[in-house]
There are 2 protein chains.
Amino acid sequence: MTANFQKSFIAVHVGAGYHSIAMTDAYKEACQNACLAGLAKLDAGEHALEGAAAAVAVLEDDQITNAGTGSNLNLHGNVECDASIMDGERLLFGAVGALSGVKNPISVAKEVVKEQIKGQMSLGRVPPSVLVGNGALKWACDHDIGVVSGSDMISQKALSAYRKHKQRLMEVEQEARLSAKRSKLDADIEDIVNTPENSLLESIISTPEESLLDTVGVVCMDAKGNVCSASSSGGIALKHPGRVGQTGIFGSGCWAQNGNTDTASVACCTTGCGEHLMRTLLAKECYDSLTGSDNASLAISTVFKNKFLESPMLNGVKFKFGGALVVKCWGHDDVELVWAHTTKSMCIGYMMSGEKKGKTVMSRLSDTSVAGISLSVGGKHFHT
Amino acid sequence: MTANFQKSFIAVHVGAGYHSIAMTDAYKEACQNACLAGLAKLDAGEHALEGAAAAVAVLEDDQITNAGTGSNLNLHGNVECDASIMDGERLLFGAVGALSGVKNPISVAKEVVKEQIKGQMSLGRVPPSVLVGNGALKWACDHDIGVVSGSDMISQKALSAYRKHKQRLMEVEQEARLSAKRSKLDADIEDIVNTPENSLLESIISTPEESLLDTVGVVCMDAKGNVCSASSSGGIALKHPGRVGQTGIFGSGCWAQNGNTDTASVACCTTGCGEHLMRTLLAKECYDSLTGSDNASLAISTVFKNKFLESPMLNGVKFKFGGALVVKCWGHDDVELVWAHTTKSMCIGYMMSGEKKGKTVMSRLSDTSVAGISLSVGGKHFHT
């Protein structure tokens, strides 16, 4: 760390979802590795944008997460990634959606922000904020971001899970077709869809070594006090090709905004069911709630209750799966980290300049809680 | 109109931007045609979702607009469309981004909503809200939405404009490369970029027969009082392939929410520079402002001033191009339509059940106003 710089801070998570007991140490290690990589950038005096992107890249490269290499496969057996980053200093947002063939999708999102920092392009054109699909891949190539074969990003674990789930899907759809032939389609499809043991979620978590995870994310503050947030996701298993979740959508996947003398700096990232998080603009809501409150834990509880679990936007949705990681900083002397999740578990890591390795928390809903309905909130407050 | 139904209402616009004097009647006619098609659905008792989509489809098919056939061409000379729709009754949102090869992108967005209305898919999978690129095209094919050759959507006018702008872009970039060789790159690029006569905007509006237009949109209320909003766009000329603008982003391109005994129903759609509208979540902000105010004109003025022209999200952006069309309804007896734009002009049409054709307004900034800085607000209030 350069002597003149203040302490930096970073926090990461490897997805709200279900983390098996047996794999807990591996998830924690992934968090620590990401913290180390991100904080190394921040301690070298680099901008929060670089720290957040470096930490996300480590999580993308780790096959244990549902981001980058090792992501869930889509309906056609391919990896398609969403990633986004928001620069709290300049309030610029960059995102990619449904991107295949780039090892680190977050690096494209970061470059999208950096191009915006440069300002207008030739002929007064406005630089893009969101790039998707083949166009995003082309943009990555033009910006010297390394591309890989799509198959290079498929892990054995993801492939094995895909084959199992695809097989189950085909069986269910075959059952539905047979039911249709027996002229009682409606009732039978409803039975099949609504039987818990047939759900994808139950199928995925039925064996301990397999885990249901979503978007990974990072929030950080650099030595100059700039905050940044970033997220990356392979999306839900068997998603339709081209589907973009909250990670690629402004206001939903991440939010970061530097403060001033009157307001704290706040950065947050969300994780969980992309469609639920998007319809509730949960990252923006977390920012609005925390920036206007003196009590970060209470604020995140309130936003999850009022703007997510009881949101009119999710009327009719029985189980709402979401999580958020938020850092709120009043300069470098008062840093508060809070997290909340309605999923079975959420694994978090965090690290401050001067520490040798990050600390980790595996937050789990209590045994009596119900995923998708109950809420767990935790946090740490650092006064230096 | 079915006797038992209340009156329906629809309003449309063909993009905030610059509409040449010579083409004014043609723009107004496009608005009237769209109103007729949308209101025909509503008067037949169909849901607001169908009315909005039918009106947008007419605008997409009209080569005069920058949506569907006749859209601006991207950097590689192709049509790539964004479209979105929000169902105010169920608060469901459907969007497509960077979609090529579908004649009516809005029809895909509408089907995305209708799939969500059905609820979870087999194996408990959550239906997508946002689909992009080739995946969206595949989804359209699977849902029996007709696809066309990409070249079928290219109008002669768009092709001619593309050739001119691409030529100019190549010249500017060549100048920049030469400047670099002369080792004074930075200063020269800045000169080239900032010279008004070199800007794409100036280039496009320099000849009267060519017009700079953006996203088209529709807001409506059906006979049962449900509101809906929808938008569709070919994006800015010479955009990078894969770029998605506000039209494809939740909270930015459209918003619709039925009211109750205490709140009015509000539907709005935005148009203008996609990146500016996205970063300000302008559709959501319009909804929030209008639903909480007794004065719709004042509310839209305030939101454009505080949340757009003076938004911290657009710090550093000198010219902010945006427009919005909003309908606010207290039942069928009190319908208020307002619009606002910072662009040189905005063309609006509106129509109520029982009328033979829609009325139109070509709203223009005054001669002393400055596009991107000044604001024009207008509206109509219907008491029945």
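To keep things clear, this report deals only with the structure shown in the data block.

Cut-offs and rules
Residues numbered from 1 in each chain as written. Chains lettered and ligands numbered in written order. Predicted model: local features only at pLDDT ≥ 70, side-chain atom pairs only at ≥ 80, totals over all residues. Heavy atoms only, no water. Contact = heavy atoms within 4.5 Å. Buried area = accessible area lost by both parts, 1.4 Å probe. Salt bridge = Lys/Arg side-chain N within 4 Å of Asp/Glu carboxyl O. Polar contact = N/O pair within 3.5 Å; in protein donor to acceptor, adjacent residues only side chain to side chain. Helix = DSSP H or I, 4+ residues; strand = E, 2+ residues; numbered from the N terminus. Pairing = 2+ DSSP bridges. Axes fitted to C-alpha atoms, helices over the stretch in contact; angles between N-to-C directions. Least-squares fit on C-alpha atoms with pLDDT ≥ 70 in both.

Our next topic: the interface of chain B and chain A. At the interface, 55 residues of chain B touch 55 residues of chain A. Regarding the contact of chain B and chain A, the summed buried area is about 4,400 Å², with carbon and sulfur atoms giving 71% of it. Linking chain B to chain A there are 2 salt bridges. Taking the shortest distance from any N to any O, the salt bridge between E173 of chain B and R125 of chain A comes out at 3.7 Å. Between chain B and chain A we count 4 residue pairs in polar contact (both at pLDDT 80 or more) in total. For the side of chain B that touches chain A, the secondary-structure elements that each account for two or more residues are β3 (92–99), β4 (130–132), α4 (133–142), α5 (156–181), β7 (254–257), α8 (274–279) and α9 (282–291) of chain B.

What follows deals with the sheet that holds strand β10 (residues 334–341) of chain B. Residues and elements named next belong to chain B. Taken together, 5 strands build an open sheet; the order of strands is β7-β8-β9-β10-β13 and the sheet is antiparallel. With partners counted over all chains shown, the strands left at the sheet margins are β7 and β13 (376–383), one partner each. Across the sheet, the mean angle separating the axes of adjacent strands is 10 degrees when strand polarity is ignored. Bridge analysis of β7 against strand β8 (residues 265–272) gives 4 bridges, and the strand direction is antiparallel.

In this section: the side chain of S8 of chain B. Mapping S8 of chain B onto the fold places it in the segment before β1 (9–17). In this structure the side chain of S8 of chain B is engaged in a polar contact, spanning 3.1 Å, whose partner is the backbone nitrogen of A223 of chain B.

Another point: the relation of the copies chain B and chain A. Superposition record for chain B on chain A: RMSD 0.0 Å, screw rotation 180 degrees, translation along axis 0.0 Å. Seen this way, the second copy is the image of the first under a two-fold rotation axis. For chain B, the smallest separation between a C-alpha atom and the rotation axis is recorded for G133 of chain B, amounting to 2.8 Å. Same-surface contact between copies: 100% of interface residues of chain B are shared with the interface of chain A.

The strands making up a sheet associate through hydrogen bonds between their backbones, and the pairing can be parallel or antiparallel. All names here are of chain A. Spatial strand order, β7-β8-β9-β10-β13: 5 strands in an open sheet with antiparallel pairing. Looking at which strands have only one partner, the edges of the open sheet turn out to be β7 (254–257) and β13 (376–383). The mean angle between the axes of side-by-side strands here comes to 10 degrees, regardless of whether they run parallel or antiparallel. Sitting on the sheet, helix α9 (residues 282–291) is in contact with β7, β8 (265–272), β9 (322–330) and β10 (334–341), with an inclination near 145 degrees to β8. Across the sheet, helix α10 (residues 296–309) is in contact with β9, β10 and β13; its angle to β10 comes to roughly 30 degrees.

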